[in-house]
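Take a look at the letters that make up each chain.
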Protein chains: 2
Amino acid sequence: MTTALASLSNPQIRLAARPNGLPVASDWLLSQEPVAEPAEGGVVVQVLAISLDPAMRGWMNEGRSYIPPVGIGEVMRAGGVGRVIASRHPAYAVGDMVAGGPGVQHYWSVPAERVGRELSKIDLALGSPSQWLNVLGMPGMTAYFGLLDVAQPQPGQTVVVSGAAGAVGQTVGQLAKLKGCRAVGIAGGQEKCDWVVRELGFDACIDYKAAAPAGAKRWDAVREGLRQHCQAGVDVYFDNVGGEILDTVLAKINRRARIVVCGAISQYNATTAVAGPKNYLSLLVNRARMEGMVVFDYSARFPEAIAELAGHLKAGAMRSKEDVVRGGAADFPATLLKLFSGENFGKLVLQLAE
Amino acid sequence: MTTALASLSNPQIRLAARPNGLPVASDWLLSQEPVAEPAEGGVVVQVLAISLDPAMRGWMNEGRSYIPPVGIGEVMRAGGVGRVIASRHPAYAVGDMVAGGPGVQHYWSVPAERVGRELSKIDLALGSPSQWLNVLGMPGMTAYFGLLDVAQPQPGQTVVVSGAAGAVGQTVGQLAKLKGCRAVGIAGGQEKCDWVVRELGFDACIDYKAAAPAGAKRWDAVREGLRQHCQAGVDVYFDNVGGEILDTVLAKINRRARIVVCGAISQYNATTAVAGPKNYLSLLVNRARMEGMVVFDYSARFPEAIAELAGHLKAGAMRSKEDVVRGGAADFPATLLKLFSGENFGKLVLQLAE
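Thresholds, definitions, all that
Residues numbered from 1 in each chain as written. Chains lettered and ligands numbered in written order. Predicted model: local features only at pLDDT ≥ 70, side-chain atom pairs only at ≥ 80, totals over all residues. Contact = placed C-beta atoms within 7 Å. Helix = DSSP H or I, 4+ residues; strand = E, 2+ residues; numbered from the N terminus. Nonpolar A, V, L, I, M, F, W, Y, C, P; charged D, E, K, R; others polar. Pairing = 2+ DSSP bridges. Least-squares fit on C-alpha atoms with pLDDT ≥ 70 in both. Buried ≥ 20, exposed ≤ 12 C-beta atoms within 10 Å, placed from the backbone. Right-handed = clockwise from strand over helix to strand, strands pointing away. Core = buried A, V, L, I, M, F, W, Y, C linked by C-beta atoms within 7 Å. Domains from an automatic or database assignment. Axes fitted to C-alpha atoms, helices over the stretch in contact; angles between N-to-C directions. Left-handed = near helix turned anticlockwise from the far one by under 90°. Parallel < 35°, antiparallel > 145°, perpendicular 65-115°, else oblique.

1. Points about the interface of chain B and chain A
So, point 1. At the interface, 25 residues of chain B touch 25 residues of chain A.
So, point 2. Those elements that provide at least two residues to the side of chain B that touches chain A are helix H8 (282-285) and strand S13 (289-292) of chain B.
So, point 3. Ranked by residue count, the leading element in the side of chain B that touches chain A is S13(B), at four residues.
So, point 4. Of the residues that constitute the side of chain B that touches chain A, the class distribution is 16 nonpolar, four polar and five charged.
So, point 5. Inspection of the sheet shows strand S13 (residues 289-292) of chain A paired to S13(B) by three bridges, in the antiparallel sense. Across the sheet, the residue bridging to A:Glu291 is B:Arg289, located in S13(B).

Have a look at this one:
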C-alpha cells in the first residue's frame, strides 16, 4: 500500500514578496522538494484539493492580524484535503482521508507533534472532498457560527448576505432560510443571482454589477434592490465584501440590527487606505451593532456544525457549489486572482489529484 | 404664589433654516410670545437652565434619525430644568422643580396630555439644577447605560473615553474607575486633561490637541498617548467624537473589545460625507464589536441610574463640572457653537434665571 515516496517530487508555491495591491507573478516562487519518509509519529499526505480563500490575501501582508503573516520564502498557507500515503502515527493509516492546512503543495509531511493539532479525518459519505473545503469546511463553519452565534437571526427577520454565490454566502443564505428567515443575497452578475434564487432558494438576489440607469450612481442598483426586496428593512447583514455595499446596507438596517464583519474582499487589494463605512452612524441611530468574527475561535464546536450541515446536505435541504480548477501548485497564483475579479462561481478549489 | 402670567413675555429661539455645516445666525429666529394661563390639567414652567448638547446639531438636519428633526419654524428642541409657576394639574404645585424638554425658551406651557410624559420632578437635595442637566440628566444617563449596559467593562479592563471633559465623558470615566477599571480620557487641551486626571481621578488623559513633534502627523499625539497609557490595550472605547480619533483607537483594541458609538461630534458639521472608520476591520481581527446606543431607550430605568449616581455625588466619590453661561434665549445660538469649537469646559448649560 505504501507509495514509494523517494520517487515523488513535491511542487510548492512559496511567497516571494509581499504584494502591493493584487498579487503578481513576482510575488510567488515555484519550488520543488523531494518527499521524505515520515519520522516516528509522522504522516505524509497527498494533497488532493486546495482551498482558495479571500482571507489568503490578508495572510500575505506584514503586520498584526488574527494569525501571523506567511513568511517570505515560506510555502503559502492553505487549507486542503488529502489522502494519507505514509504513516508512522497510530491513529492514521494509509488511505485515510484527512483535512487540514497543507499549504500550496502536492505532498504534506506532518511531523508527529503537529498531527494531533493539524489533521482531522473526514468522512466522504458526508460530502465530497471539495464539499469538505466548502460547506463542511472553513466557509461552512464561518457561515454557521457567524450567522447563528454572532447574528442570532429570529424567524421572520430579513438576512442579507453579500458574496451570496461565494463559499460563505451560499451557506449563510440557505441556513437563514432553514431558520425561518427571509434571505436576500447580493452577488455579481445575473447568472450567479439566478442560481442563488432558483437553486439555493434565497428569496431574492441583488446583482451589484447590474447596469445603473442613465445618470444613476454605481451603487444605485444595490440601493434599489434593497428597497425592493427588504421592505421590512434589514435585521442581519452578513458582510463578506465591505466598501460601498456595506455602506448601502447600513442605510437600510433596522433597530437592533446585527452586522457580521466576516470579510471585506473589496478592500483586500486596496493600495490606498481601506474605505471605512461612511454610514456607520446608522449603528447609533438604530442601536445596531457591527461585530467581527474569526472562525478559528469556534474550532471546538466544529463537529456540531458539521453534523447539522451534513444532515441538511443529505436531506437535500442544502446545496453547495464548488468552482473546481484542475491543475498543479503552479496554477495557484492565476487561480487565486479569480476570487478578486469575482470570476469564480461557488467555492474556489484547486484540485491537484483525483 | 401664582405669578401674573399676563405680565410675562416668552423669548424663544426657533429653527429658521437647516444649517449647512456649522449653524449660522440666519439658521435661527428669535421670537417672542405672551405666556397664557394653563388650561385644565396643564402646567406652566419657568425655565431656569437649558442643556446644550452635541446631539442638537443632528436634530436640525432633515431625514430619518432616532427622533424626528426639529421642524422649520419650531422652537428649538432642548432639555432643561425649571420651576412650576402655574399649575392646574393635581400632581404639580407652584414652586415644584421639574426637568423635561422645554425647548429654547423662557417659559414652557405644558398641556394636560403631555404633563405625564414630558415632566418629571427633581430633588435639589440630590444635585443642583445644572447637575440635573449633567450627571443626573441625559449625559449621566447616557454614560451610565452606555458604559454599564452596552460595554459591560470588567474590573481591571481599560476603558478609553473621548470628550473626557465633556458632559458624558466625565461620568463615563469616573464610573469606570468606580467599577475597578483603568480609565483613560481623550480631551482637547492641557487644562482639560489636567482636570480629568487631578479632579476626576482618571488614570491618564491624552491631549489630542497637543502639538505633534516635527514631521509627525496630526493624530500621532493620540497614538503615542494610547501606546503609553494603554499598555494592555483597549477593552472598551466610549466614542463621543468619531473621525480620526475613533480610527486611532480602533488600531489599539483588544480581543472582544466593545466600542460604544454614542456620538461623533467631529462629524456633525461636516459638509462632505462623514468619515467612516478606515480601521473598522480591526473589529474582525479582534472579534470586537461596535454598537450604537440612544439614551431614550433606557428611560424606564433612569431612576436606578439617578439613585446610584446621586449616591456617588453625595459620597464625594464623583464630581461634576458644568460650564454655565448666563443669558437669555437670544444667547443660545452663539453658546451652542462653543460645543463644536471645544471651547466649553464641562457640561454646557445656558442659565436663563436663578
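2. Quick word on the relation of the copies chain B and chain A
So, point 1. Least-squares fitting of chain B to chain A yields an RMSD of 0.0 Å, with the transformation described by 0.0 Å of translation along the axis and a rotation of 180°. Read as a symmetry element, the transformation amounts to a two-fold axis. For chain B, the smallest separation between a C-alpha atom and the rotation axis is recorded for B:Gly276, amounting to 2.1 Å.
So, point 2. A shared binding surface is used by both copies, with 100% of the interface residues of chain B retained as interface residues in chain A.

3. Observations concerning the pairing of strand S15 (residues 347-351) of chain B
Residue and element names in this part refer to chain B.
So, point 1. For S15, a buried count of five out of five residues is recorded, marking the element as mostly surrounded by other parts of the structure.
So, point 2. In S15, alternate side chains face the same way, and those of Lys347, Val349 and Gln351 on one face and Leu348 and Leu350 on the other are all buried.
So, point 3. Pairing analysis gives three bridges linking strand S3 (residues 43-51) to S15, with the strands arranged antiparallel. Counted as the bridge partner of Ala49 is Gln351 from S15.
So, point 4. In this view, the connection linking strand S14 (residues 322-326) to its parallel neighbour S15 by way of helix H10 (residues 332-341) has right-handed handedness.

4. Here we look at the nonpolar core
So, point 1. If you look at the biggest cluster of nonpolar residues, it comprises 224 residues, and the most contacted ones within it are A:Phe238 and B:Phe238.
So, point 2. Setting aside anything within four residues of it in sequence, one finds B:Phe238 in contact with B:Gly146, B:Leu147, B:Ala151, B:Val159, B:Val161, B:Val172, B:Val260 and B:Cys262.

5. Some thoughts on the domain arrangement of chain A
Residues and elements named next belong to chain A.
So, point 1. Each domain of chain A was delimited in the assignment, giving domain 1 (5-134 + 321-351) and domain 2 (138-296).
So, point 2. With centres defined by C-alpha atoms, the gap from domain 1 to domain 2 works out at 29 Å.
So, point 3. Contacts between domain 1 and domain 2 engage 17 residues on the former and 14 residues on the latter.
So, point 4. Counting residues per element, the side of domain 1 that touches domain 2 draws most heavily on helix H1 (residues 55-59), at three residues.
So, point 5. For the side of domain 1 that touches domain 2, the class distribution of residues is six nonpolar, eight polar and three charged.

6. Notes on the sheet that holds strand S10 (residues 204-207) of chain A
Sheets are built from strands that pair by backbone hydrogen bonding, the pairs being arranged parallel or antiparallel.
So, point 1. Taking strand neighbours across the sheet as the criterion, the 12 strands line up as S10(A)-S9(A)-S8(A)-S11(A)-S12(A)-S13(A)-S13(B)-S12(B)-S11(B)-S8(B)-S9(B)-S10(B) in an open arrangement whose pairing is mixed. Where the open sheet ends on each side, the last strands, each with one partner, are S10 of chain A together with strand S10 (204-207) of chain B. For this sheet, the mean inter-axis angle between neighbouring strands, taken without regard to orientation, is 15°.

7. Focus: the packing of helix H6 (residues 220-229) of chain A against helix H7 (residues 243-250) of chain A
Residues and elements named next belong to chain A.
So, point 1. Interhelical geometry of H6 versus H7 gives an angle of 35° and a closest axis separation of 10 Å. Once H6 is placed against H7, the crossing between them reads as right-handed. Between H6, through Val222, Arg223 and Leu226, and H7, the contact on the second element is made entirely by Ile245, Thr248 and Val249.
So, point 2. For the contact of H6 with H7, the per-class residue count stands at four nonpolar, one polar and one charged.

8. Remarks on the environment of A:Val260
Residues and elements named next belong to chain A.
So, point 1. Positionally, Val260 belongs in strand S12 (residues 253-261).
So, point 2. In the structure, Val260 is positioned 30 residues away from Met290 in sequence and 5.9 Å away in space, judged by C-alpha atoms.
So, point 3. Aside from chain neighbours lying at most four places away, what touches Val260 is Gly146, Val150, Ala151, Phe238, Asp239, Glu291 and Met293.

9. A short note on the packing of helix H3 (residues 138-151) of chain B against helix H9 (residues 302-314) of chain B
Residues and elements named next belong to chain B.
So, point 1. H9 packs onto H3 with a crossing angle of 100° between their chain directions and a minimal axis gap of 10 Å. Relative to H9, H3 is oriented roughly perpendicular. On H9, the residues touching Gly140, Met141, Tyr144 and Phe145 of H3 are Phe302, Ala305 and Leu309.
So, point 2. The class makeup of the residues in the contact of H3 with H9 is six nonpolar, one polar and no charged.

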